[in-house]
Amino acid sequence: MPTTVAPHEPATTPTDAQLPVVPLRHWGRFTVGALVLAVSVWFLLAVGRNPNLDWPTVGEYLFAPLTFRGLFVTVWLTFAGMVMGIVGGTVVAVMRLSSNPVLRVVAGVYIWAFRGTPILIQIIFWGFLGAFIPTISVTVPFTDVVLFSAPTSQLVPATVAALLALGLNEVAYAAEIVRAGIQSIDKGQTEAAKSLGLTPAQTLRRVVLPQAMRVIVPPMGNETLTMLKTTALVSVIAGQDLMSNLQAVYAQNFKVIPLLIVASIWFLVLTTLLTVPQRWLEQRFGRGVDPGATRRPLSRALMPRRTR
Amino acid sequence: MTAPATDAPLAHAGPEDPLVDARGVVKSFGSTQVLQGIDLAVQPGQVVCLLGPSGSGKSTFLRCVNHLERIDGGRLLVNGHDVGYEKRRGKLYELSERRIARRRADIGMVFQRFNLFPHRTALENVMEGPVVVRRRARTEAADRGRELLDRVGLADKASSYPSQLSGGQQQRVAIARALAMDPRLLLFDEPTSALDPELVGEVLDVMRDLAADGMTMLVVTHEVGFAREVADVAAFMADGVIVESGDPRQVLGDPRHERTQSFLARVL
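Residues numbered from 1 in each chain as written. Chains lettered and ligands numbered in written order. Predicted model: local features only at pLDDT ≥ 70, side-chain atom pairs only at ≥ 80, totals over all residues. Heavy atoms only, no water.

A. Representation of the environment of Leu148 of chain B within the structure. All names here are of chain B. Looking at the secondary structure, you find Leu148 in helix α4 (residues 138-151). Remark: the alpha-carbon pair of Leu148 and Val173, spanning 25 residues in sequence, is separated by 8.7 Å. Apart from the residues lying within four places of it in its own chain, the contact partners of Leu148 are Val126, Ala176, Leu179 and Ala180. (Helix = DSSP H or I, 4+ residues; strand = E, 2+ residues; numbered from the N terminus. Contact = heavy atoms within 4.5 Å.)

B. Geometry of the pattern of salt bridges. Per the counting criterion, the structure on display carries 24 salt bridges over all chains. The residue Arg179 of chain A makes a salt bridge to Glu176 of chain A at a minimum N-O spacing of 3.0 Å. Of this pair, Arg179 of chain A and Glu176 of chain A both sit in helix α8 (residues 158-183), 3 residues apart, which is roughly one turn of that helix. For Arg88 of chain B, the salt bridge is made with Glu86 of chain B, and the minimal N-O distance between the two is 3.3 Å. Glu86 of chain B sits in the buried class, given a relative accessible area of 13%. (Salt bridge = Lys/Arg side-chain N within 4 Å of Asp/Glu carboxyl O. Buried < 20%, exposed > 50% of the residue type's maximum accessible area, 1.4 Å probe, protein only.)

C. Structural view of the packing of helix α4 (residues 101-116) of chain A against α8 of chain A. Residue and element names in this part refer to chain A. Between α4 and α8, the least distance of the axes is 9 Å, while the angle of their chain directions is 120 degrees. Considering their axes alone, α4 and α8 lie oblique with respect to each other. Handedness of the crossing formed by α4 with α8: left-handed. Contact residues: α4 offers Tyr110, Ile111, Phe114 and Arg115, while α8 offers Leu168, Asn169, Val171, Ala172, Tyr173, Ala175 and Glu176. When its residues are assigned to classes, the contact of α4 with α8 shows 8 nonpolar, 1 polar and 2 charged. (Axes fitted to C-alpha atoms, helices over the stretch in contact; angles between N-to-C directions. Parallel < 35°, antiparallel > 145°, perpendicular 65-115°, else oblique. Left-handed = near helix turned anticlockwise from the far one by under 90°. Nonpolar A, V, L, I, M, F, W, Y, C, P; charged D, E, K, R; others polar.)

D. Spatial organisation of the UniProt feature "transmembrane region" (unreviewed entry) in chain A. Here the UniProt-annotated "transmembrane region" (unreviewed entry) positions come out as residues 30-48, 68-97, 109-133 and 256-276 of chain A. Overall, residues 68-97 of chain A shows 97% helix and 0% strand. The separation of its end C-alpha atoms is 42 Å. (UniProt positions renumbered as here; feature names shortened; annotations may be inferred.)

E. Broad picture of the interface of chain B and chain A. Taken together, the contacts link 26 residues of chain B with 22 residues of chain A. A buried area of about 2,200 Å², summed over both sides, lies between chain B and chain A, and 57% of it is on carbon and sulfur atoms. Contact with chain A buries surface across chain B, with Phe117, His119 and Tyr161 of chain B losing the most and accounting together for 23% of the total. Taken together, chain B and chain A are joined by 2 salt bridges. (Buried area = accessible area lost by both parts, 1.4 Å probe.)

F. Spatial organisation of the nonpolar core. Residue and element names in this part refer to chain B. Leu149, Ile175, Phe188, Met207 and Met217 are the most contacted members of the largest nonpolar core, which has 52 residues in total. Setting aside anything within four residues of it in sequence, one finds Ile175 in contact with Val110, Phe188, Val203, Val206, Met207 and Leu210. Val20, Val25, Phe117 and Leu187 belong to the second largest nonpolar core, which has 38 residues in total. (Core = buried A, V, L, I, M, F, W, Y, C linked by side-chain atoms within 4.5 Å.)

G. Here's a closer look at a nonpolar patch on the surface. Nonpolar side chains collect at one region of the surface, where Val138, Val140, Val145, Leu147, Phe148 and Leu155 of chain A lie side by side and expose about 480 Å² of accessible area between them. Summarising the element assignment, Val140 of chain A is placed in the loop between β1 (135-139) and β2 (146-151). (Patch = residues over 30% accessible without salt bridge, like charges linked within 9 Å, V, L, I, M, F, W, Y side chains within 5 Å. Areas by Shrake-Rupley, 256 points an atom, 1.4 Å probe, with all protein chains shown as cover.)

H. Spatial organisation of the UniProt feature "domain: ABC transmembrane type-1" (unreviewed entry) in chain A. According to UniProt, the positions carrying the feature "domain: ABC transmembrane type-1" (unreviewed entry) are residues 71-278 of chain A. Within the segment residues 71-278 of chain A, helix and strand shares are 77% and 5% respectively, and the terminal C-alpha atoms sit 21 Å apart.

I. Fine view of the sheet that holds strand β9 (residues 185-189) of chain B. Residues and elements named next belong to chain B. Read across the open sheet, the 6 strands follow the order β8-β9-β10-β3-β11-β12; overall the sheet is mixed. Two strands close off the open sheet at either side, each with one partner strand: β8 (107-110) and β12 (241-246). Across the sheet, the axes of successive neighbouring strands diverge by a mean angle of 15 degrees, strand direction being ignored. In this structure, β9 lies alongside strand β10 (residues 217-220), joined through 4 bridges in parallel fashion. The residue bridging Leu186 from the neighbouring strand is Met217, located in β10. Where helix α6 (residues 197-212) meets the sheet, it contacts β3 (47-51), β9 and β10, and its direction lies at approximately 150 degrees from that of β10. (Pairing = 2+ DSSP bridges.)

J. Inspection of the pairing of β2 of chain A at higher detail. Residues and elements named next belong to chain A. Pairing of β1 with β2, which is carried by 5 bridges, proceeds in the antiparallel orientation. What sits directly across from Thr139, in β2, is Val146. Where β1 hands over to β2, the hairpin turn is made up of 6 residues, of which Phe142 adopts a positive phi near 65 degrees.

K. Expanded view of helix α2 (residues 97-104) of chain B. Looking at α2 of chain B, one finds that the buried residues are Ile100, Ala101, Arg103 and Arg104 of chain B. The arc that holds the buried residues of α2 of chain B, viewed along the axis, is 160 degrees, so those residues lie on one side. For α2 of chain B, exposure combined with an orientation more than 90 degrees from the buried face picks out Arg98 and Arg102 of chain B. Check the buried side of α2 of chain B and you find it contacts α9 (187-195) of chain A together with β5 (81-82), β6 (85-88) and β8 of chain B. (Arc of directions from axis to C-beta.)

L. Fine view of the sheet that holds strand β4 (residues 73-78) of chain B. Residues and elements named next belong to chain B. Pairing is antiparallel across the open sheet formed by 4 strands, whose spatial order is β2-β1-β4-β5. Edge strands, defined here as strands with exactly one partner in the open sheet, are β2 (32-42) and β5. In this structure, strand β1 (residues 20-29) lies alongside β4, joined through 5 bridges in antiparallel fashion. Bridged to Val26 within β4 is Gly73. Of the strands in this sheet, β1, β2 and β4 are in contact with helix α1 (residues 58-65), which crosses β2 at around 65 degrees.

Now the structure itself:
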């Protein structure tokens, strides 16, 4: 028998480092998970097998030319509306922060009016602009010479009215987002830029706005999603968008539910696609703040999950 | 031109004229008068250190020199011009932001909190002024920028972002950024106050080199040792006035004024 064994410890006991570990069994977690899964499957089956859902009709309209025409208008409205909103919003934000009191007040009233009234009312207003201003004419000032005159309904068709409504409304929201972004930048940044001899405009363009973008991009992404979904509202003035076109179909064949499913599927596809450019922009403007964001932002956007 | 010669705007201060000439400068924030008549002159090539307890108005005065604050009274001439005004036919005409910006380009400023542009690399920070304000070619500005980064000992950090640099390194980049404009005058606003104690030395070393090269500097600082060693003039401020100024060895070594004595007793 070897004599090196310590007196208090039997030779068969492994050292502490080798002790097997028994993980905690999360029985409660498992039970709740199984239960929720079962309910979800039951729910999906119950809904999915409902004959009124009418999957054949969904399939028929999902890739119909009419759907694609509507989809094109919806995407175009979203894009043009956001461009209008961001450009106009930046101008209104700068006006709101201006040292000129007239500009400040005008910007404030604009934001107040367009944020304070329902978008639905604004859409209908622009849709019925002809009832407010029947003809639009361009005349030489202080003379009777008419250069150009046309009925409003001809100049502003439903799609243009939809764009005006969505874009002008977005200007008000974007202005507040841009203003918050500008105001989030430390005063020291402006002072450093000034001390180099940059003019106020150069300071805004080269120092303040690029940094404010980091604060502006995430809420602008939300705005874009909201805008995309709000385009469905322009169906009230027959804006030729996805929702308008599908609505026109179910107004005739009464297959309301399947056509709403078609619209929902396309909206989900578009909102999912929109997260990619947003992530890319967030990384682009995170340069110098998020140390990992300095290289190849696109590949990081496409492969976002990385173990830490 | 029929305007008298004395009223003609000076292109630059002559070699013997002071770069900063403050006469009875007054500045108030609301009802508090933070500067109660400052008289101070900085001659070309001089290093002038402003010391004093916090709240005495040192930083405010420095900011007035660069027109980051506007004076309420007295006269403040920098580089031969009234700060923020143009003197014509016996009147002071307020300048546009654009003209003010052009004048600021000749004055460098280094801030307590560095204020580097976080979205640009060290080199891009240094290039910003020359490229945007002086309209230099990017390659030329980049070459000069690397030279300046090398001068402050950061040649290898050209492509680092400020967030990747220590406080001392950031402040040295900030000094290089100010130097890139070839300023006639450098203003320092407590350049080492936001630094960890072990990083103060590297920034003071750079400033010492600049002083040795003959750069005109107006420095607000709490570093009494630096002031005594490098400054040509030390001015001690308290409650919005300069209570004594002169040879730093005298002002900081054997102060006459009781406020200076008690301040030095506390910081040394």
